[in-house]
Amino acid sequence: MLKTLQRRYYQVKDGQTLEEIAEYFSVSPRVLARENGLDSPPPVGKILSIPTERGDAYTVKEGDTPSLLCGSEEGFIKKNGARIFYLGMRAIL
């Protein structure tokens, strides 16, 4: 597992959506919007602060469940900012 502590920044390019940027950085779109004070699509050229992951980053494997990784489904949602769960995703433990 990898503990991520470094802050990252990203400049929005023409045609990009918040969801695409969030997926690229393995961050929930809701968490990314909250971190940057967005309530609408980000404008081209805006510098987004990519949230630092708190906890251990882990790649979901076959047989894993949100409850198994975080103690409960609610715990998983709180740490990861979404109910999304799929093989190969990076989850925060």
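Read on for a plain summary of the structure. (Residues numbered from 1 in each chain as written. Predicted model: local features only at pLDDT ≥ 70, side-chain atom pairs only at ≥ 80, totals over all residues. Heavy atoms only, no water.)

1. So, the nonpolar core
With 13 residues, the main nonpolar core has Ile21, Phe25, Val27, Leu32, Leu48 and Ile50 as its most contacted residues. Within the residue set of this core, elements represented by two or more residues are α1 (18-24), α2 (29-36) and β3 (47-50). (Core = buried A, V, L, I, M, F, W, Y, C linked by side-chain atoms within 4.5 Å. Buried < 20%, exposed > 50% of the residue type's maximum accessible area, 1.4 Å probe, protein only. Helix = DSSP H or I, 4+ residues; strand = E, 2+ residues; numbered from the N terminus.)

2. Observations concerning the pattern of salt bridges
Tallied over the entire structure, the rule returns 1 salt bridge. Between Glu73 and Arg83 there is a salt bridge, with its nearest N and O atoms 3.7 Å apart. Of the two residues, Glu73 sits in helix α4 (residues 73-80) while Arg83 sits in the loop between α4 and β5 (90-92), which places them 10 residues apart along the sequence. On the accessibility criterion, Glu73 (37% relative accessible area) is partly exposed. Taking relative accessible area as the criterion, Arg83 reaches 63% and is therefore assigned exposed. (Salt bridge = Lys/Arg side-chain N within 4 Å of Asp/Glu carboxyl O.)

3. Thoughts on the environment of Ala57
Of note, Ala57 is situated in strand β4 (residues 56-59). Of the residues examined, Ala57 reaches a relative accessible area of 8% and is grouped as buried. Along the primary structure Ala57 and Ala91 are separated by 34 residues, whereas in three dimensions their C-alpha atoms are 5.7 Å apart.

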